[in-house]
Amino acid sequence: MKKTIIKKYLFLVLLGFMAQVTLAQKTITGTVKEQNGPLPGASVLIQGTTTGTQTDFDGNFSLEASSTDVLTFSYVGFKEVSIPVGNQTIINVTLEEDNALDEVVIVAFGSQTKKKNVQSVSVVGQDAIKDIPANSPQELLQGQAAGVQVVQSSGVLGAAPTIKIRGVASVSSGSRPLFVVDGVPLNDTDLTSNQGANQGLNPLANINPNDIESISVLKDASATAIYGSRGSNGVVIVTTKSGSKGGQTTVTLNVSTGISESTDTFDMMNADEFRQYAVDANYFGIDNVADLPQGGFNWVDGVTRTGISNNIDASVSGGSEKTSFYISTNFKDEEGFIIGNDLKRRAGRLNINHTATDWLEIGANIGITRNEFDRVGAENSTFAPLTSAYLIRPWVQPRDENGNLVNTGFIANTIAIESLDINDSDVTRTTGNVSAKVSLFEGLTFNSRFGIDRVLVEEQQRSFELNSPGGTGSNFYAQDNRYILTNTLNYDTTFGDKHDLGAVAGISYEENTIRTIAVAGTGFASDSSLNIESAAQKTTTTSSATANSLVGYFARVNYAYDSKYVLEGSLRRDGSSRFGADNRFGTFFALGGAWNLSEEKFLEDSSWINNLKLRASFGTTGNDRIGNFQSLALYSGGTFGQYNDQAGLAPVSAPNPDLKWERSKAFDIGLAGDLFNNRISFSVDYYKKRTDDLILNLPLPISTAAGTNNTIARNVGEIENRGFDVSLTSNNFRDGDFKWTTTLNIGFNTNEVISLPGASIDTEGREFIAGSASQRAIVGESINTFYLVRYKGVNPQTGDAEWLDADGNATTNPNPSTDRVIAGDANPDFVGGLTNTFKYKNFDLNVLTNFSVGNDIYVDGLRFTDNAASGSFNNRAALLNVWQQPGDNAFVPAFDSPTFNTFAQRSTAQLRDGSFLRFKNVTLGYTIPKSVLDKTKHVKNIRLYATATNLITIKGSDLEGIDPEVTDTSAALGQGETFFTPPQSKSFIFGATIQL
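Report follows, based on the coordinates. Note that the structure is a prediction, hence the values are computed from the model and not measured.

**Thoughts on the sheet that holds strand 6 (residues 70-74)**
Stage number 1. Taken together, the 4 strands give an open sheet; going across it, the order is 4-3-6-7, and neighbouring strands pair in antiparallel fashion. A single partner strand is all that each edge strand has here, and the edge strands are strand 4 (52-54) and strand 7 (81-84). Between one strand axis and the next, the sheet turns by 20° as a mean value, whatever way the strands run.
Stage number 2. Summarising the sheet, strand 3 (residues 43-46) and strand 4 pair through 3 bridges and their orientation is antiparallel. Of the residues in strand 4, the one forming a bridge with Val-44 is Thr-53.

See the structure below:
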């Protein structure tokens, strides 16, 4: 009896559920048309899904939807319309033509429509960045903005990428662009320890990329001059996500997991090969391999692994009639492919905007992120895992016969180090602002914004002695606090129907303070003692404090006549504490204009031109990345300042009260348009930027030298960048179930040093500054010119290695002082990216490739791995190709050749063509049909995806084992060089995005 009742009950429940589903779904019909008639092929989609249909030849459509759905109607060249279904069963829509020039572009201190914009701005939107598993905002730009070169400097988690916008604009001052997040200019000082590299962790790694809505790259002076003293290297504006007033509340959950491995590593000799080579090369005076240490270990495999990552992102966005909000959190755990290299991220963000009254709008954007890094040595250190793995002799083993870790001597046992030692760096960053917008009267608003950028760095290092207590330890703490107050008046009005006027005027004040303290000790009684207080001897205790401030007054006016002609001018005057007392203030300006040719009568009836705009600008910007005290006479106290065991001060550097900003003068002219019913969009820009008053450290006469520093910072020298930026987007297929869009961007740049007064003079009478032992900035050449002896190769007949002297004659004994010549350039001829996006029904595929052509890289580590005459380090397997007899085309000279001992000397033998094409990001996605999800009450959308990063790299054959996308410094000089820099990782990520 009970079973019968239960069955009946279940039947009624099922019947009720089916009735609900049936009632929820209904057939919606209607017609989509434009002013002149029906629109065949128009898209009708259920919002937030890929479920929908297209109109037939007469503009009619029919589809199943529920009363809670919202239908989106769209057609290329027309404005999109969204309509709630509600109780309707018939929905007729008339679409209005959409002018692409009415799209809004984020610029400095506001936004503009494309029609009124005269600036050179590249926008990377949400569609372009949503599938890229980035650790920092800079990574999202790679290959996606014309004229922007992003080099992922290292495969170590959190390593700082190098970014150049339209080339290098400085020699010794900072070359990074200014990053602005929600109106707050960020400090990019790296306070972490360098761990054997010339650059530490990425100072912007604490900005959660998943919170980013769009990125605008400001490139020309018209766009950057309003940032005055910080605009010479370009400006990157990051806008984080926000809700929408009156919009539905949406919960989004993104869950992913992935694995990673190295893209490439050197092929080193194994133990047997190295033993035989040692005998053949007579490294140790031993004739029998049996007399050498036996056994073997693959150290490269020992220090690398398959990395694992797990990521969870959750966000809630929406709003009411007066309020919009966005709340997010992020949990990320990642193991790098190098042992001991881990990252944990915990992040949260709250963005809220509220209309308090009809004249007051208030808002707040706050983001807090904590990155916990387990760090490893990066490159130029025998404590760096990969560096050690390449150099250590392959018969050396990390453990003894009992499995205990052992001390391997000069080349450290990095397996033991990463197993036992503590090397933690925790970085907490709080960025955000609170703002108020007051409507004074129609068209005029007052905006006030107070922003903060607060960074706290906590580092702990503790090394242990093998099999006995002791070791060393150190703690380091740093605080970097920036406060920004910006007040602006914004005015927008239209008069006489044809005159549009927009203006902004304001004042900003910034204050930045940095405080650090470090303490170290040795001699611990127990390995369980981690605090420095437990050390028997405190070896160092240091602290420092520094500060700088900047005040700026700025204005911009934009005038447009009849939507055809646009004029814009901006002016900024900055005062900075960093410069000399006689030059604290600098004035920067820009003038620009645009002509919307497609609005002219002679083009308004064109059947193939939808939009066409010509624009040009000229202006000046500055560079204040010089540190805080270069203009001052500096003194040092402590032990350095002691005299006769008494406290005192000693001079360190000479003052220069005339020190002022480096100044860039830039000209830009561009043409942009949309063609063939908006099927093709393009943009072409030519620019020329000259930077003068370069800040260089020039030598002082011995009689006037100050303390330990015999140089003084002065404004001398000029450098120029010129080139083209090209962007092209093609909607190859846009109708029907299959859609295919291609976007190509290329940046061509030529960099030239114009003058370096007071610099050193080479043998040909040219002024130069040495950036490294291999690279120079030479007048008439690039700032990153390789200056090396040219290597010719092994003579097949004699078995001798040969080089070229300065006159191009073969020699077996080159002179590094007189035979070096210009041999290459670290700057590429052009860089860019190619993105192809495919969509077929519920499937989507995105393929992003980036490339660099014409640049050289200097692989300094080859001087060690290819040192055929030394048995101190392991060798690359390539050295097994040794000359034996006449006619051999060998890599290494004969063992008895006098050049065998000099084979690895610094020359173009270590220089490589760094050109490459990389499949940077490949993402395949599938959206579950709405008809399936409609059976649930809460799930709006589910998308499953798989992403591969750095999937394939096409490069020269002589780059085997070498990642072409590396550099071991972020400074202007020395870029394009690597010393065992860890390569990029290849990763495979699988995830799901769920909307509720």
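**So, a nonpolar patch on the surface**
Stage number 1. The grouping of Tyr-565, Leu-571, Phe-589, Leu-591, Trp-595, Phe-602, Leu-614, Phe-618, Phe-667, Ile-669 and Leu-671 at the surface amounts to a nonpolar patch, some 980 Å² of accessible area in total.
Stage number 2. Broken down by secondary-structure element, the contributors of at least two residues to the nonpolar patch are strand 28 (565-576), strand 29 (585-596), strand 30 (609-623) and strand 33 (662-675).
Stage number 3. Tracing the backbone shows Leu-591 in strand 29.

**Let's talk about the pattern of salt bridges**
Stage number 1. One pass over the full model with this rule turns up 44 salt bridges.
Stage number 2. Here Arg-346 and Asp-333 are joined by a salt bridge, their closest N and O atoms 3.1 Å apart. One end of the pair, Arg-346, is in strand 21 (residues 342-355); the other, Asp-333, is in strand 20 (residues 323-335), with 13 residues separating them in the sequence.
Stage number 3. Since its relative accessible area comes to 31%, Asp-333 is described here as partly exposed.
Stage number 4. The salt bridge involving Arg-370 is made with Glu-458; its shortest N-O contact spans 3.3 Å. Taken together, the residues span a long stretch of sequence, with Arg-370 in strand 22 (residues 360-374) and Glu-458 in strand 24 (residues 444-463) at a distance of 88 residues.

**Some remarks on the nonpolar core**
Stage number 1. Phe-266 and Tyr-390 are the most contacted members of the largest nonpolar core, which totals 27 residues.
Stage number 2. Only helix 5 (299-303), helix 6 (385-391), helix 7 (414-420) and strand 49 (856-859) provide two or more residues apiece to this core.
Stage number 3. Among the elements that make up this core, the one with the highest residue count is helix 6 (4 residues).
Stage number 4. Excluding residues that lie within four positions of it along the chain, Phe-266 makes contacts with Tyr-390, Val-859, Leu-862, Thr-865, Arg-876, Glu-960, Gly-961, Ile-962 and Phe-980.
Stage number 5. If you look at the next biggest cluster of nonpolar residues, it comprises 24 residues, including Val-124, Val-150, Ile-163 and Val-217.

How each quantity is defined
- Residues numbered from 1 in each chain as written.
- Predicted model: local features only at pLDDT ≥ 70, side-chain atom pairs only at ≥ 80, totals over all residues.
- Heavy atoms only, no water.
- Pairing = 2+ DSSP bridges.
- Helix = DSSP H or I, 4+ residues; strand = E, 2+ residues; numbered from the N terminus.
- Axes fitted to C-alpha atoms, helices over the stretch in contact; angles between N-to-C directions.
- Patch = residues over 30% accessible without salt bridge, like charges linked within 9 Å, V, L, I, M, F, W, Y side chains within 5 Å.
- Areas by Shrake-Rupley, 256 points an atom, 1.4 Å probe, with all protein chains shown as cover.
- Salt bridge = Lys/Arg side-chain N within 4 Å of Asp/Glu carboxyl O.
- Buried < 20%, exposed > 50% of the residue type's maximum accessible area, 1.4 Å probe, protein only.
- Core = buried A, V, L, I, M, F, W, Y, C linked by side-chain atoms within 4.5 Å.
- Contact = heavy atoms within 4.5 Å.

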